[in-house]
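# Working through the structure, step by step
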Amino acid sequence: MSRIPNPLPFWLSLCLPPLAVVGMVRGGWTIALLPVSTWWLFMILDAITGPNTENPDPATPDHAMAAHRLVTLIWFPVQATLLALMLWYVPQASHLDAGEKIAIFFGMGVVSGTIGITYGHELMHQKSRLERWLADLLMASVLYSHFRSEHLRVHHIHIGTPRDPVTARYNESFPRFFLRVLWHCPPSAWSAEAAMLGRRGLPWWHRTNPFWRYAALQAAFLGLALGLGGWAGLGLFLIQAFTAIWQLELVNYIEHYGLTRRHLGDGKYEHVQPRHSWNADQRASNWLLINLQRHSDHHYKPDRRFPVLQTYAPDEAPQLPFGYPVMTMAAMIPPLWRRIMNPRVRDWRRRNYPDIRDWQPYNKARNPVA
């Protein structure tokens, strides 16, 4: 075991808001600084810094990770301030044409998707009310509040089975996956929360149903966008939100593509293991994404905070050939994605489930569910 990593590299995300301000004030080529500095820059940094296979002590106490946690706690005020400034300034900026305004909010969506949702994901897994509220605010700022319920009540429980809409199926293209999760995840999340209330003897309309909070927060952000930027501001806000959702679902797509749990019969499945998520050790993109790429351990031990997530050898968990910046770009080109990933899925199946001969029920999500 090694010491927990230096917290400073995980604070690199705070370099992004100043770039957004430069883009909206100067316009022109400076608008590209924001998206380029997230994915393209960190793709290059991954090639320079290489992998990080060190495993910190998972028993590290929370107080020893205070500097790591702080960046996730302050991010919502930073992102909300930047978004409000953009909504007020950009719609009335005479030096920006319509295309530049759209591009600025596309860049903002890259930030709120890459950083905001990733931090929100970390926060929603914690027990503290403050952290969970911050997660709700971050998800509401991109109009995707149901993600918390879907992620905690559905995805983590049913990963790798037909009941999980977010497990990308073998040979499924990203466009098809994207449309499928946009359609299936909201009702799946609602059903999970209604079922939980039912087990407590409460109706779905009970005030503790988090969907009422989700709706109120999302309405507040829509009202903020309209109030600060008028109808143009509202439209630009929606571009930001859609871009962030697209970023999130690109990541969801690559994290479990083609990986399924063994069906044991009677709608039951084997326990979740590190082999049911794709792992990535790229150092720089794990700084940007607060170790989200150590996804095998996140699903194996969901309560671990990001600084102490473990990595695994190739014989324990399947490995992505590159970090998320490269893999999400590849996912946007289905033939290239299949060329890279399908042989890896088939090899994973041969190594872990050599006795399974018919993979069609797994490929098409047709195995029974309990």
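Rules and cut-offs
Residues numbered from 1 in each chain as written. Predicted model: local features only at pLDDT ≥ 70, side-chain atom pairs only at ≥ 80, totals over all residues. Heavy atoms only, no water. Helix = DSSP H or I, 4+ residues; strand = E, 2+ residues; numbered from the N terminus. Rg over C-alpha atoms; globule rule 2.2 N^0.38 Å. Buried < 20%, exposed > 50% of the residue type's maximum accessible area, 1.4 Å probe, protein only. Contact = heavy atoms within 4.5 Å. Areas by Shrake-Rupley, 256 points an atom, 1.4 Å probe, with all protein chains shown as cover. Lys, Arg positive; Asp, Glu negative; His and termini not counted. Charge placed at Lys NZ, Arg CZ, Asp CG, Glu CD. Core = buried A, V, L, I, M, F, W, Y, C linked by side-chain atoms within 4.5 Å. Salt bridge = Lys/Arg side-chain N within 4 Å of Asp/Glu carboxyl O. Phe/Tyr/Trp six-rings, centres within 6.5 Å; stacked < 30°, edge-to-face > 60°. Lys NZ or Arg CZ within 6 Å of the ring centre and 35° of its normal.

## Focus: the overall build of the chain
Secondary structure assignment for the chain yields 13 helices and two strands. A compact globule built from 370 residues should have a C-alpha radius of gyration of about 21 Å, and the chain, at 21 Å, falls within 12% of that. Counting only C-alpha atoms, the chain reaches 65 × 55 × 45 Å along its principal axes. Residues counted as buried form 53% of the 370 residues belonging to the chain. Contacts in the chain between residues at least 24 apart in sequence constitute 72% of all its contacts with a sequence separation of at least 6. For the chain, the accessible area works out to roughly 16200 Å², and carbon and sulfur atoms hold 62% of it. Across the chain, the centroid of the 36 positively charged side chains sits 4 Å from that of the 25 negatively charged ones.

## Observations regarding the nonpolar core
Ranked by internal contacts, the top residues of the largest apolar core, which has 84 residues, are Met86, Tyr253, Tyr257 and Trp337. In this structure, Met86 is in contact with Ala20, Met24, Pro91, Ile104, Phe105 and Met108, ignoring residues within four places of it in sequence.

## Details of the pattern of salt bridges
Summed over the entire model, instances satisfying the criterion amount to twelve salt bridges. In this structure, Arg153 and Glu193 form a salt bridge, with 3.5 Å as the shortest nitrogen-oxygen distance. On the criterion of sequence distance, the pair formed by Arg153 in helix α6 (residues 146–158) and Glu193 in helix α7 (residues 174–199) is long-range, its members being 40 residues apart. Judged by relative accessible area, which is 28%, Arg153 ranks as partly exposed. The class of Glu193 is buried, set by a relative accessible area of 6%. Each of Asp62, Arg69, Glu131 and Arg305 takes part in one network of salt bridges that share partners.

## Side note on the packing of aromatic side chains
All chains considered together, the criterion is met by 23 aromatic pairs. Centre to centre, the rings of Trp75 and Tyr119 are 5.8 Å apart; their planes meet at 75°, and the pair counts as edge-to-face. Separated by 44 residues along the polypeptide, Trp75 in helix α3 (residues 66–89) and Tyr119 in helix α4 (residues 98–124) bring together distant segments of the chain. Judged by its relative accessible area of 0%, Trp75 falls in the buried class. For the pair Phe177 and Tyr253, a centre-to-centre distance of 5.3 Å together with 55° between the ring planes defines the contact as tilted. Linking Phe177 in helix α7 with Tyr253 in helix α8 (residues 210–255), this pair joins segments that are 76 residues apart in sequence. Tyr253 shares its class with Phe177; the two are buried. Within the aromatic cluster, the residues linked to one another by ring pairs are Tyr170, Phe174, Phe177, Phe178, Phe242, Tyr253, Tyr257 and Trp337. Here Arg213 stacks its cationic end above the ring of Trp133, 5.5 Å away from the centre of that ring. One residue, Lys301, lies across the ring of Tyr300, its end atom 5.2 Å from the ring centre.

## Digging into unusual backbone geometry
We note that Asn171 has phi near 75°; this positive angle belongs to a residue other than glycine. Here Asn171 lies in the loop between α6 and α7. For Asn171, a relative accessible area of 40% puts it in the partly exposed group. You will see that Asn291, though not glycine, has its phi angle at about 65°, which is positive. Along the chain, the position of Asn291 falls in the loop between α9 (283–288) and α10 (295–300). On the basis of relative accessibility, which here comes to 7%, the residue Asn291 falls in the buried class.

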